[in-house]
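Notes for the structure review
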Amino acid sequence: MCRHLGYVGPAVPVGELLVRGPHSLRTQAWAPRDMRGGGTINADGFGVAWWHGGEPPVTRYRNPAPIWTDPAVEEVLPHLESTAVLAAVRSATIGMPVERSACAPFLHEQWAFSHNGVVPDWRTVSSAVLSDLDAAATRAGATRLLQTGDLLEAESATDSAALWVLLRRLLDPAAPRDLIASPLAALRLLVTTVVTHAPAARLNLLLGDGASLWATAWEHALSALVTDDYAVLASEPYDADPRWQSIPEHSVVRAEPGLLTVESLNNDPVTERAV
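Analysis parameters
Residues numbered from 1 in each chain as written. Predicted model: local features only at pLDDT ≥ 70, side-chain atom pairs only at ≥ 80, totals over all residues. Heavy atoms only, no water. UniProt positions renumbered as here; feature names shortened; annotations may be inferred. Helix = DSSP H or I, 4+ residues; strand = E, 2+ residues; numbered from the N terminus. Rg over C-alpha atoms; globule rule 2.2 N^0.38 Å. Buried < 20%, exposed > 50% of the residue type's maximum accessible area, 1.4 Å probe, protein only. Contact = heavy atoms within 4.5 Å. Areas by Shrake-Rupley, 256 points an atom, 1.4 Å probe, with all protein chains shown as cover. Lys, Arg positive; Asp, Glu negative; His and termini not counted. Charge placed at Lys NZ, Arg CZ, Asp CG, Glu CD. 1 Å grid on protein atoms, 1.4 Å probe; cavity = no way out; pocket = protein on both sides within 12 Å on 5 of 7 lines; lining within 4 Å. Points joined across faces, edges and corners; volume = space filled by probe spheres on them. Nonpolar A, V, L, I, M, F, W, Y, C, P; charged D, E, K, R; others polar. Pairing = 2+ DSSP bridges. Disulfide = S-S within 2.5 Å. Expected span 1.5 Å × (residues − 1). Core = buried A, V, L, I, M, F, W, Y, C linked by side-chain atoms within 4.5 Å.

As recorded in an unreviewed UniProt entry, the protein goes by the name Gamma-glutamyl-hercynylcysteine sulfoxide hydrolase, listed as coming from Nocardia donostiensis. In its Pathway (unreviewed entry) section, the UniProt record describing the protein reads: "Amino-acid biosynthesis; ergothioneine biosynthesis." UniProt annotates the protein under Function (unreviewed entry) with the comment "Catalyzes the hydrolysis of the gamma-glutamyl amide bond of hercynyl-gamma-L-glutamyl-L-cysteine sulfoxide to produce hercynylcysteine sulfoxide, a step in the biosynthesis pathway of ergothioneine."

1. As for the overall build of the protein
Assigned secondary structure in the protein consists of six helices and 14 strands. In terms of overall dimensions, the protein is globule-like: its C-alpha atoms have a radius of gyration of 17 Å, near the 19 Å expected for 275 residues. With 275 residues in all, the protein has 58% of them scored as buried. In the protein, of all internal contacts separated by at least 6 residues, the share reaching a separation of at least 24 is 66%. Here the protein has roughly 10900 Å² of accessible surface; of this, 53% comes from carbon and sulfur atoms. Across the protein, the 20 positively charged side chains and the 31 negatively charged ones have centroids separated by 3 Å.

2. Structural notes on empty space enclosed by the protein
Using the criterion set out here, one finds one cavity of 30 Å³ or more in the structure. Of the voids in this model, the largest cavity is the one considered here, and its volume is about 120 Å³. Considering the residues around the largest cavity, the lining is formed by 18 residues, among which C2, R90, A102, H115 and S160 are closest to the centre. Elements represented by at least two residues in the lining of the largest cavity include exactly β4 (81-89), β6 (111-118) and α5 (159-171). Considering every element that reaches the lining of the largest cavity, the biggest residue donor is β6, with four residues. Grouping the amino acids of the lining of the largest cavity by side-chain chemistry returns eight nonpolar, eight polar and two charged.

3. Points about the sheet that holds strand β2 (residues 46-51)
On the basis of which strands lie adjacent, the open sheet formed by seven strands has the order β3-β2-β4-β1-β10-β9-β11 and antiparallel pairing. In this open sheet, the two edge strands, each paired with only one partner strand, are β3 (58-63) and β11 (245-246). Here strand β1 (residues 3-13) runs beside β4; their pairing, made up of eight bridges, is antiparallel. Along β4, the bridge assignment pairs G6 with L86.

4. Here we look at the state of the cysteines
Tallying each qualifying case throughout the model produces zero disulfides. In this structure C2 is a free cysteine whose sulfur lies 8.8 Å from that of C103, the closest cysteine sulfur available. Accessibility expressed as a relative area gives 0% for C103, which makes it buried.

5. Some thoughts on helix α6 (residues 183-197)
With 15 residues, α6 should cover 21 Å at 1.5 Å per step; its first-to-last C-alpha distance of 22 Å lies within 8% of that length. Burial runs high along α6: twelve of the 15 residues are buried.

6. Structural notes on the pairing of strand β12 (residues 251-256)
By the criterion of burial, β12 is predominantly enclosed, with five of the six residues buried. One ladder, built from five bridges, connects strand β8 (residues 213-217) with β12; its direction is antiparallel. Pairing of T216 across the sheet is with V252, part of β12. As paired elements, β12 and strand β13 (residues 259-264) share six bridges and run antiparallel to each other.

7. Comments concerning the environment of A128
Mapped onto the elements of the fold, A128 is located in helix α4 (residues 122-139). We classify A128 as partly exposed; its relative accessible area is 23%. Between the C-alpha atom of A128 and that of T148, which follows or precedes it by 20 residues, the distance is 9.5 Å.

8. Quick word on the nonpolar core
Soluble, globular proteins show a tendency: their nonpolar side chains are buried together. By size, the foremost hydrophobic cluster in this structure holds 43 residues, and its most contacted members are L167, L190, V194 and L203. Of all the secondary structure elements, the ones that give two or more residues to this core are β6, α4, α5, α6 and β7 (202-208). Of all the elements, α5 adds the most residues to this core, at nine residues. Residues within four places of V194 in sequence aside, it is in contact with V119, V125, V129, L163, A201 and L203. Counting residues in each nonpolar core, the second largest holds 23 residues, with Y7, V48, W50 and Y230 among its members.

Set out below in structure tokens:
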């Protein structure tokens, strides 16, 4: 079911985040602790994206081989520094391709995205979700937000790549703001629409723009480590720091240095947790 991690804060070596702590993201590739029935290892590739204030604003490195086989993790990536990083290791769902283009993070403009989980019957579900989202936008007075052909833009024939096509349309500035007022609202709308058509879906989505992180916890593990200086969202804590907080199931969160906002996807009140 994959594992991922997002960071915003002071500049750090990109490669260091991949191996940080005794239970680093690299370690989670072969020894995850909380896969929740979604496999045992994450050996079907990995990727990392980092922001650098240039053009393009975010750069990516991906490899379809296991992260522990790639010398770039220790020989190249530690020499690159960034104030924001998003990384993932992959466990491919049976029937989905093992290829570089299937590895998160997925990019668009300033955004980077990763998905831990699975959408059963994802092709049919993706088409139904696209139709529902377009209908919602039309009701909000927007011109067509999504069209069936949009799903052909997916980088790979996977549920994660299809989810990214749908989410990036919701993040488009042309999307109706009264329907999708923020990245958090876009994630909420996407997840709740998907589970309407696929109740058994597991949907931990992770999104970053170089300044903030957003994520959902839906039938999969998610933890947060937020201090006054930096913020981390991760599938599993990479160390035993007592400041790690477990994110409740069926939540959508926003994290940045000094602030962690947790909102229930079941319409419970928003909470801002102290750091």
